[in-house]
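Results of the structural survey
The chain contents come next:
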Amino acid sequence: MKVAGIDCGTNTIRLLISEILPGRVNALGGPALRDCVREMRVVRLGAGVDKTGRFNPQALQRTLDAVAEYAQLCRAHEVVSIRFAATSATRDAENRDIFIDGVYRLLGVRPQVISGEQEALTSFTGAVCAVDRSDLDLAEDAPVIAVDLGGGSTELALGTLRGELLSSFSMDVGSVRMHERHLGANPAAAAIAAARADVQAFLDTAEMHVDLAAAHALIGLAGTVTSITAKWLGLDVYDSQRIHGAKMSISQVQETCQWFIDANLAQRKALGFMHPGRADVIQAGALIWQEVVQRVVQRSKEAGHEISHVVTSEHDILDGLALWAANELQSPVGNCSSKG
């Protein structure tokens, strides 16, 4: 039996089709899954939403075209349950119903416009199920923090390796949002400083909800973090097997982030692993990741258990959605169209 998760964020839409493995369980005691298909399209659904509060027609059409492709793949693989999560951009767009109705027509299930807290929980579950415990060297009840850095928002989730979520917070800070709000094509020093101040203010608020000092380990998720890791590894092409589980020292994280902040667009595009649709916004993403890591490490040091490195995970909300689809079946209706 095959299930699917679809994650539609501000910058990308991703699909995971997984097979449920009979008689096997995952690290959290639920059904074990095996990947069949992983796909990603950069559609920039959230282009301009931070400013206008609405989806623009071109972004909607790009995204629905990708949904039509994913619907065909789900039918070809005879997927029996689909969970489709729409996150930051859809939460903010006042004309979201056009998008939701379009997805239902194509895919046969309605997107769930999940809250930031739901997004954090689903990301945390996906990451913890796939993390190698030896990379963290922690007891199962030791708190870890998973950071899902997306295009429109960044989720901080504090929990244990048993899958218990202790607290979470969603910051309206993401690579696309900060790029549009502050950085643009050629940001001056003042724009970079303003972006940092914005992120730091959101982190101040986040600390009212999540005890960063409690974390004994830090896991980074999603495209900005995996691309930064790829640069540090010196990859010519994207290699998810090498990226997943990579351990970077704090100084290595900070130095690699700074490279992306200082590099121009041509230099970022020249990286062999860099998706063209991420090259413009990863400067902002790197700035966010630099600030988040610095804050978490500072708090852990003050608490007497300084975090020395960051673990990168290729598994995130997409894996959590596939697990959700396996645990709570949501079958697509039979009359969905394959045309946009």
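In this report, the structure presented in the accompanying data block is examined. Since the structure is predicted, the reported quantities are computational estimates derived from the model, not experimental observations.

Reading guide: rules and limits
Along each chain, numbering runs from 1 in the same order as the chain's sequence is written. The model is predicted, so local features are restricted to residues of pLDDT at least 70 and side-chain atom pairs to those at 80 or more, both for listing and for counting; the totals for chains, interfaces and linings are taken over all residues. The side-chain quantities take in all heavy atoms of the structure and omit both hydrogens and water. Each helix is a run of DSSP H or I of at least 4 residues and each strand a run of E of at least 2, with the numbering of both proceeding from the N terminus. Here the expected span of a helix is defined as 1.5 Å times the quantity of residues minus one. Think of it in three bands: residues with accessible area under 20% of the maximum for their type are buried, residues over 50% are exposed, and the middle band is partly exposed, with areas taken using a 1.4 Å probe on protein chains only. By construction, the arc corresponds to the directions joining the helix axis to the C-beta atoms. By definition, residues are in contact when any of their heavy atoms lie within 4.5 Å. Buried Ala, Val, Leu, Ile, Met, Phe, Trp, Tyr and Cys residues that are joined via side-chain atoms within 4.5 Å together make up what is termed a nonpolar core. We call Phe, Tyr and Trp rings a pair once their centres come within 6.5 Å, taking the six-membered ring for Trp, and we label the pair stacked below 30 degrees between planes, edge-to-face above 60, and tilted otherwise. Note on geometry: a ring has a charge over it if NZ (lysine) or CZ (arginine) is within 6 Å of the ring centre and within 35 degrees of the ring normal. Any two strands are treated as partners once DSSP identifies two or more bridges connecting them. A fitted line through C-alpha atoms serves as each axis, taken over the contacting stretch for helices, and the angle formed by two N-to-C directions is quoted from 0 to 180°. Salt bridge, as used here: a side-chain nitrogen of Lys or Arg that lies within 4 Å of a carboxyl oxygen of Asp or Glu.

Focus on helix α4 (residues 96–107)
End to end, α4 covers 16 Å across 12 residues, agreeing with the expected 16 Å (1.5 Å per residue, within 8%). Those residues of α4 that fall on the buried side of the exposure criterion are Phe99, Ile100, Gly102, Val103, Leu106 and Leu107. Buried residues in α4, looked at end-on, bunch into an arc of 165°, giving them a common side. In α4, those exposed residues whose orientation departs by more than 90 degrees from the buried face are Asp97 and Ile98. Turning to α4, the residues buried within the fold contact β1 (2–8), α2 (57–76), β4 (79–86), α3 (88–92) and β5 (112–113).

Looking at the nonpolar core
The biggest cluster of nonpolar side chains holds 47 residues, and the ones touching the most others in it are Ile145, Leu156, Leu218, Trp289 and Val292. It is helix α13 (residues 282–302) that contributes the most residues to this core, 10 residues altogether. Setting aside residues no more than four positions away along its own chain, Ile145 makes contact with Leu156, Ala157, Leu158, Val210, Leu212, Ala215, Ala217, Leu218, Ile219 and Val296.

Structural notes on the side chain of Arg295
The topology assignment puts Arg295 in helix α13. Using a relative accessible area of 10% as the deciding quantity, one classes Arg295 as buried. If sequence neighbours within four positions are ignored, Arg295 has contacts with Gln200, Leu203, Asp204, Glu207 and Leu212.

Things to note about the packing of aromatic side chains
For any pair of aromatic rings, geometry is given as the distance between the ring centres together with the angle between the planes. Applying the stated rule across the entire model yields three aromatic pairs. A ring pair is formed by Phe55 and Phe99, whose centres lie 5.8 Å apart and whose planes are at 70°; its orientation type is edge-to-face. Of this pair, Phe55 sits in the loop between α1 (49–52) and α2 while Phe99 sits in helix α4, and the two are 44 residues apart along the sequence. The pair Phe55 / Phe99 is uniform in exposure class, with both members buried. With 5.1 Å between their ring centres and 90° between their planes, Trp259 and Phe260 make a pair best called edge-to-face. Judged by its relative accessible area of 28%, Trp259 is partly exposed. The exposure class assigned to Phe260 is buried, which follows from its relative accessible area of 0%. Taken together, the aromatic side chains of Phe55, Phe84 and Phe99 make up a single cluster linked through ring pairs. Sitting above the plane of the Tyr104 ring, Arg110 keeps its charged end 4.4 Å from the centroid.

Notes on the sheet that holds β1
Across the sheet, five strands lie side by side as β3-β2-β1-β4-β5; this open sheet has mixed pairing. If you trace the sheet from one side to the other, it starts and ends with β3 (31–42) and β5, each paired once. Two elements, β1 and strand β2 (residues 12–25), share seven bridges in a ladder whose sense is antiparallel. In the strand pairing of β2, Gly5 is matched with Leu16. Helix-sheet contacts for helix α14 (residues 317–327) involve β1, β2, β3, β4 and β5, and the interaxial angle to β1 is about 140°.

Comments concerning the pattern of salt bridges
According to the stated counting rule, one finds 22 salt bridges in the structure shown. Among the salt bridges present, the one from Arg177 reaches Asp92, with a minimum N-O distance of 2.6 Å. Here Arg177, found in helix α7 (residues 175–183), pairs with Asp92, found in helix α3; they are 85 residues apart in sequence, far enough to count as distant. The partner of Arg295 in a salt bridge is Asp204, with the nearest N and O atoms 3.0 Å apart. Here Arg295 is found in helix α13, whereas its partner Asp204 is found in helix α8 (residues 189–206), with 91 residues between them in sequence.

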